[in-house]
Amino acid sequence: MDGTKRVNIKHGLSVAIVLKQDQSTGLLTDGIVRDILTKSPNHPHGIKVRLMSGEVGRVKEIY
């Protein structure tokens, strides 16, 4: 599924995000979606979410 479309992201979904400090390296962080932070229906770099762990980043992969 596409992480750039808000309709594909749901609470409780397992995703891989890139954190702000990892954008240059592309290191991905796995977690479960707690909050969807991006309000627009899509974003070219990925929808911004908060994970259950409290980490915030943009969705790169959906499992």
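So, here's what we can say about the structure.

About the cut-offs
Residues numbered from 1 in each chain as written. Predicted model: local features only at pLDDT ≥ 70, side-chain atom pairs only at ≥ 80, totals over all residues. Heavy atoms only, no water. Helix = DSSP H or I, 4+ residues; strand = E, 2+ residues; numbered from the N terminus. Rg over C-alpha atoms; globule rule 2.2 N^0.38 Å. Buried < 20%, exposed > 50% of the residue type's maximum accessible area, 1.4 Å probe, protein only. Lys, Arg positive; Asp, Glu negative; His and termini not counted. Charge placed at Lys NZ, Arg CZ, Asp CG, Glu CD. Core = buried A, V, L, I, M, F, W, Y, C linked by side-chain atoms within 4.5 Å. Contact = heavy atoms within 4.5 Å. Salt bridge = Lys/Arg side-chain N within 4 Å of Asp/Glu carboxyl O.

Examining the overall build of the protein chain
And step 1. A count of helical and extended segments in the protein chain gives 0 helices and 4 strands.
And step 2. Relative to a compact globule of 63 residues, whose C-alpha radius of gyration would be 11 Å, the protein chain shows 10 Å and is just as compact.
And step 3. Seen through its C-alpha atoms, the protein chain measures out along the principal axes to roughly 25 × 25 × 20 Å.
And step 4. Each of the 63 residues in the protein chain was classed as buried or not, and the buried ones make up 38%.
And step 5. Taking the average place of the 10 positive charges on the side chains of the protein chain and the average place of its 6 negative ones, the gap between the two points comes to 10 Å.

Quick notes on the nonpolar core
And step 1. Counting 12 residues, the largest nonpolar core is built from Ile9, Leu13, Val15, Ile17, Leu19, Val33, Ile36, Ile47, Val49, Leu51, Val59 and Ile62.
And step 2. Among the secondary structure elements, those contributing two or more residues to this core are strand 1 (14-19), strand 2 (28-36), strand 3 (48-51) and strand 4 (56-62).
And step 3. In terms of residue count, strand 1 provides more of this core than any other element does, 3 residues in total.
And step 4. Every residue in contact with Ile9, bar those within four places of it in the chain, is listed here: Gly3, Val33, Ile36, Ile47, Val49, Val59 and Ile62.

Notes on the side chain of Thr29
And step 1. Residue position: Thr29 is located in strand 2.
And step 2. A residue is classified by how much of its surface remains accessible, and Thr29, at 15% relative accessible area, is buried.
And step 3. Aside from chain neighbours lying at most four places away, what touches Thr29 is Val15, Ala16, Ile17, Leu19, Asp22, Leu51 and Glu55.

Some remarks on the pattern of salt bridges
And step 1. Evaluation of the coordinates by the stated rule reveals 2 salt bridges.
And step 2. A salt bridge links Asp2 to Lys5; the shortest N-O distance between them is 3.9 Å.
And step 3. Owing to a relative accessible area of 32%, Asp2 belongs among the partly exposed residues under this scheme.
And step 4. Where Arg50 meets Asp35, a salt bridge forms, and the shortest distance between an N and an O atom there is 3.0 Å. Of this pair, Arg50 sits in strand 3 while Asp35 sits in strand 2; the two residues are 15 residues apart in sequence, bridging distant segments of the chain.

Note that every value here comes from positions in space, so none of it alone points to a role or purpose.
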